[in-house]
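Chain residues, written in single-letter form:
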Amino acid sequence: MSIEFIYPEFEVIRNENKCISCRICEQQCANEAHSYDEKHKIMMCDDSKCVNCQRCVSFCPKRALKIVKSDCTLRENANWSNETIKEIYKQANSGGVLLSSMGNPKPFPVYWDKILINASQVTNPSIDPLREPMETRVYLGKKPSKVQRTKDGALDCKLPPQLELSMPVMFSAMSYGSISYNAHKSLALAATELGILYNTGEGGLHEDFYCYGENTVVQVASGRFGVHADYLKAGAAIEIKIGQGAKPGIGGHLPGAKIVGDISRTRMIPEGSDAISPAPHHDIYSIEDLRQLVFSLKEATEYKKPVIVKVAAVHNIAAIASGIARSGADIIAIDGFRGGTGAAPTRIRDHVGIPIELALAAVDQRLRNEGIRNHVSLVVGGSIRSAADVVKAIALGADACYVATAALLALGCHLCRTCQSGKCNWGIATQRPELVKRLNPAMGSERLINLMTAWKHEIKEFMGGMGINSIEALRGNRLMLRGIGLTEKELEILHISHAGE
Amino acid sequence: MQTIDVADLDYKAINETLREAGSDFIIEGCCGQKFIAAGMSDKNVTINGIPGNALGAYLNNANITVNANAQDAVGDTMNEGKILIHGNIGDAAGYAMRGGKIYVQGNAGYRAGIHMKAYEEKIPVMIIGGCAGSFLGEYQAGGVIIVLGLHKDNKRIVGNFPCTGMHGGKIFLRGNCENIHFPKQVTARCASEGELDEIREYLSEYCSDFCYSVDELLSEPFTVITPDSKNPYKQMYVAN
Ligand code: SF4
Ligand code: SF4
Ligand code: SF4
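Overview of the structure. Position numbers for residues start from 1 in each chain and track the written sequence from start to end. Each chain gets a letter, beginning with A, and each ligand a number, beginning with 1, in the order they are written. In keeping with the predicted nature of the model, local features appear solely for residues at pLDDT of at least 70, side-chain atom pairs appear and are counted solely at 80 or more, and the whole-chain, interface and lining totals rest on all residues. In computing side-chain values, all of the structure's heavy atoms are included and hydrogens and water are not.

### Observations concerning the site of ligand 1
Then comes step 1: What makes a residue near a molecule or strand is one non-hydrogen atom of that residue sitting within 4 Å of it. Close to ligand 1 lie R14(A), C19(A), I20(A), S21(A), C22(A), R23(A), I24(A), C25(A), M43(A), C60(A), P61(A) and L65(A), which account for all nearby residues.
Then comes step 2: Three classes are used, and their members are as follows: Ala, Val, Leu, Ile, Met, Phe, Trp, Tyr, Cys and Pro are nonpolar, Asp, Glu, Lys and Arg are charged, and the others, Gly among them, are polar. Residues that form the shell around ligand 1 fall into these classes: nine nonpolar, one polar and two charged.

### Thoughts on the site of ligand 2
Then comes step 1: The immediate surroundings of ligand 2 are formed by 13 residues, with C29(A), C50(A), C53(A), Q54(A) and C56(A) found nearest.
Then comes step 2: Considering only residue class, the shell around ligand 2 consists of seven nonpolar, five polar and one charged.

### Side note on the environment of K117(B)
Then comes step 1: Helix numbers and strand numbers start at the N terminus; a helix is a DSSP run of H or I with at least 4 residues, a strand a run of E with at least 2. Within the secondary structure, K117(B) sits in the loop between β6 (101–104) and β7 (125–128).
Then comes step 2: For the pair K117(B) and G133(B), spaced 16 residues apart in sequence, the C-alpha separation works out to 20 Å.
Then comes step 3: By the convention used here, residues are in contact when the closest approach between their heavy atoms is within 4.5 Å. With residues up to four places along the chain from it excluded, the contact list for K117(B) reads G223(A), R224(A), F225(A), I269(A), A96(B), M97(B), R98(B), P124(B), A141(B), G142(B) and G143(B).
Then comes step 4: By the criterion applied in these results, polar contacts are pairs of N or O atoms within 3.5 Å in which, for protein atoms, one can donate a hydrogen and the other can accept it, and in which residues neighboring in sequence qualify only through two side-chain atoms. Within the structure, K117(B) has its side chain in polar contact with the backbone oxygen of G223(A) (distance 2.6 Å).

### Digging into the sheet that holds strand β20 (residues 481–483) of chain A
Residue and element names in this part refer to chain A.
Then comes step 1: Two strands are said to pair when DSSP picks up at least two bridges between them. As summarised here, the arrangement of the three strands in space is β6-β20-β21, forming an open sheet in which the pairing is mixed. With one partner strand each, in any of the chains shown, β6 (115–117) and β21 (497–498) form the two edges of the open sheet.
Then comes step 2: Two strands pair when backbone bridges link them, and β6 and β20 are joined in this way by three bridges, in the antiparallel orientation. In the strand pairing of β20, I117 is matched with L481.
Then comes step 3: Most of the contacts of helix α11 (residues 387–396) go to β6, to which it runs at about 90°, and overall it touches β6 and β20. Axis definition: a line fitted to C-alpha atoms, limited for helices to the stretch in contact. Angles are taken between N-to-C directions and run from 0 to 180 degrees.

### Details of the pattern of salt bridges
Residues and elements named next belong to chain A.
Then comes step 1: Between Lys or Arg on one side and Asp or Glu on the other, a salt bridge is scored when a side-chain nitrogen of the former is within 4 Å of a carboxyl oxygen of the latter. For the structure on display, the rule yields 40 salt bridges over all chains.
Then comes step 2: In this structure, R137 engages E135 in a salt bridge whose closest nitrogen and oxygen atoms are separated by 3.6 Å.
Then comes step 3: Residue exposure (1.4 Å probe, protein chains only): buried if accessible area is under 20% of the type maximum, exposed if over 50%, otherwise partly exposed. By relative accessible area, E135 is classed as partly exposed at 35%.
Then comes step 4: When the shortest N-O distance is used, the salt bridge between R475 and E472 registers 3.0 Å.
Then comes step 5: Within the structure, one salt-bridge network assembled from shared partners comprises D364, R368, R373, D399, E472, R475 and R478.

### Here's the deal with the packing of aromatic side chains
Then comes step 1: Pairing of aromatic rings covers Phe, Tyr and Trp, the last through its six-membered ring, and needs centres within 6.5 Å; plane angles under 30 degrees mean stacked, over 60 mean edge-to-face, and all others mean tilted. All told, the structure shown has 13 aromatic pairs over all chains when counted by the stated rule.
Then comes step 2: Arranged with centres 6.2 Å apart and planes meeting at 90°, the rings of F5(A) and Y7(A) form a pair that is edge-to-face.
Then comes step 3: Judged by its relative accessible area of 38%, F5(A) is partly exposed.
Then comes step 4: Assessed through its relative accessible area of 32%, Y7(A) is described here as partly exposed.
Then comes step 5: Between the aromatic rings of F135(B) and F161(B), the centroid separation amounts to 5.6 Å while the plane-to-plane angle is 25°, which identifies the pairing as stacked. Within this pair, whereas F135(B) is found in the loop between β7 and β8 (141–147), its partner F161(B) is found in the loop between β8 and β9 (168–174), the two being separated by 26 residues in sequence.
Then comes step 6: Members of the aromatic cluster, connected to one another through ring pairs, are Y176(A), Y181(A), F209(A) and Y212(A).

### Notes on the interface of chain A and chain B
Then comes step 1: Taken together, the contacts link 48 residues of chain A with 39 residues of chain B.
Then comes step 2: Buried area is calculated as the accessible area (1.4 Å probe) missing from two parts once they are joined, with the contributions of both summed. Buried surface at the junction of chain A and chain B, summed over both partners, amounts to about 3800 Å²; 55% is from carbon and sulfur atoms.
Then comes step 3: Sorting the residues of chain A by area buried against chain B places H282(A), Q292(A) and E299(A) first, and these three jointly supply 18% of that buried surface.
Then comes step 4: Inspection of the region where chain A meets chain B yields two salt bridges.
Then comes step 5: With a closest N to O distance of 3.3 Å, D76(B) and R224(A) form a salt bridge.
Then comes step 6: Where chain A touches chain B, the interface holds 23 residue pairs in polar contact (both at pLDDT 80 or more).
Then comes step 7: For the side of chain A that touches chain B, the elements supplying multiple residues, two or more each, are α3 (82–94), β5 (97–100), α5 (229–234), α6 (261–267) and α7 (287–300) of chain A.
Then comes step 8: Looking at the side of chain A that touches chain B, the element that brings in the most residues is α7(A), giving seven residues.
Then comes step 9: Tallied by class, residues from the side of chain A that touches chain B come to 19 nonpolar, 18 polar and eleven charged.

### So, the sheet that holds strand β9 (residues 169–171) of chain A
Two strands in a sheet stick together by hydrogen bonds in their backbones, pointing the same way (parallel) or opposite ways (antiparallel).
Residue and element names in this part refer to chain A.
Then comes step 1: In spatial order, the strands read β9-β19-β18-β16-β15-β12-β11-β10; together these eight strands make up an open sheet with parallel pairing. Looking at the sheet topology across the chains shown, the edges are occupied by β9 and β10 (198–199).
Then comes step 2: As defined by bridge partners, strand β15 (residues 307–312) adjoins strand β16 (residues 331–335) across five bridges and the pair is classed as parallel. Paired with I308 across the strands is I331, a residue of β16.

### Points about helix α4 (residues 181–194) of chain A
All names here are of chain A.
Then comes step 1: Any helix carries an expected span of 1.5 Å times its number of residues minus one. If you check α4, its first and last C-alpha atoms are 20 Å apart, about what 14 residues at 1.5 Å a residue would give, namely 20 Å.
Then comes step 2: Burial runs high along α4: ten of the 14 residues are buried.
Then comes step 3: Taken together, the buried positions of α4 are Y181, N182, A183, H184, S186, L187, A188, A190, A191 and L194.
Then comes step 4: Next to the buried residues of α4 lie β9, β10, α12 (405–410), α13 (433–436) and α14 (441–466).
Then comes step 5: Of the residues flanking the end of α4, it is G195, one or two places downstream, whose phi is positive at about 75°.

### Observations regarding the pairing of strand β18 (residues 377–381) of chain A
Residue and element names in this part refer to chain A.
Then comes step 1: The buried fraction of β18 is high, at five of five residues.
Then comes step 2: Of the two faces of β18, both are covered, the one formed by S377, V379 and G381 as well as the one formed by L378 and V380.
Then comes step 3: Relative to β18, β16 is paired through five bridges, and the arrangement is parallel. When the sheet's bridge partners are listed, A333 is paired in β18 with V379.

Next comes the structure, spelled out in structure tokens:
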């Protein structure tokens, strides 16, 4: 060993009494942590290769395995934590920028967990969602400011294009390339069955998935991968990706090694060539420029599709959103700093951006104050973990939520946070055929449908409890929320009262 | 052939007309209307007057001829077809174009050919007759950009920072380019006969479009710039 040695983060513990040397763990681990010693007829393992994805644990027929966090620690220090020191070692060893995946793991406040929801008692009856109709359907898009009539006095029912969702949730952008074909197929099948939408991300749309177009948001990012007229027309909506919560202000970069076969075809770039999404769209330097991209997309699709502009939640988000609302966009999607990612520089992921709860509250309030809230729908993500988060987001002013990490968990992701390695043992963040086929799209979509159906029931129960039978009546209804353990300033920004008030 | 007088029409109305009937159009009196022919296929459009930004964005397979200057974002994310400009163009022309041709008689502004790509049989080609502004071919991932430097009046053939982040495709600049500073990750050298053969067809087409002589163009040496790697940013990261 040497100065470069870093003690493994996890230890693979095998119960020798239970293990039957069936070698299933060895087959299941693409990181090659397990091996079989032919000579001594025993299973071996290399802890340094384990990323704690729990695949072998889940598949060991004898429950002989567990993965534990190593208790070999450096000398404790509140300022210089284990993690901080190891990161220094990694950089001193390599000279590289630290690269991580999935959302911000730091212990920043999760405001969802400091907000409580109201319920009716005595004065306003609650509603039983099992027996009474409950509307969770939402329509995303521009809403007119007033009732319009035609010349002969009839109601003018012509609305700008709207997206109809059976519940206020969509699967957010994950590109084909960052996740697998089978993961995309699972999302597409589930979105179609659920009457919601999934999002192609910036890697183009695989030809096999054009048939799910009505339930697809097609994304246009700075790299414009796979963007052409048929692609734009294939989706139900077009999303311009300006930023992403996990890496605001940073472009994307899918290494050439991952640009193979169908990925290259779908992105329409040569195999082996890096897919670089520059940090900015080089034709957008102002709200006027954004307006130009919005309208060029509308022109190319004959004004039939709503245009979403997705931005990361950053410091001046309210003013930015106000600009976007005036750019002609139909929907603004805001991604909070806990949003997931297939790969992001660790420092950016952990230190840039702001929580979605504060961003949402600030944006909704600003758009209301300016009288333009109806010009756009608001979709928020990063990170929405449960039906409770959805209900709180709606009450804070969102029209719908974007969900990605929760959807991946439903597909089997165990949040090992090593998507960037391309060796996802659960067949999600990988392009290796033998790993991809571990995820069965029929089963994956069923699990997504289960998850969303359960959330929908829970949303209805929350609504019933509040005596609200339509999600529209919950939107921006901040009286239904109370803060707990929050400062005056936080309450002011969230525009909610403290519990007990 | 249909002639549309667009003096009183906005871009929406122009595109509706183009979409509705026929395939051959002459647009008269164009004055800054944006997005003309965005996403269209199978059209031949001649424009008299100056079209606005994003002319032929997402162009699928149409031919556009402009008998004047054009503005910013010509052929943004173009897929197929041809745009011919008898004048100068503004900034960010051919952003992320993947196929088709943009031939310009005059000069181009900043960021021409930024993030141009190529894919299988699709090789986009941009030829600029005059000079190009700064950031030519930034992030270029494929395709061919040619700058001829005709009538350049002692100006440099490209501005500052050409080829930054280039990781595919080729740029040909007419002349020896000694006064131009290229970034580290590309190689600039005198184009060989073989390399010139690759672009001869495009140059002939350009010359017949704008009445120049190919032989005269090729009488000067060309500098060709290619990236050293398809993966310029590989070494920068360490897994955490
Ligand atoms: S899967 Fe379980 S029983 Fe089989 S070899 Fe591995 S640890 Fe032993
Ligand atoms: S990486 Fe996953 S499959 Fe491999 S040993 Fe660790 S937990 Fe098991
Ligand atoms: S998608 Fe796969 S690699 Fe990424 S965190 Fe989940 S299990 Fe790990």
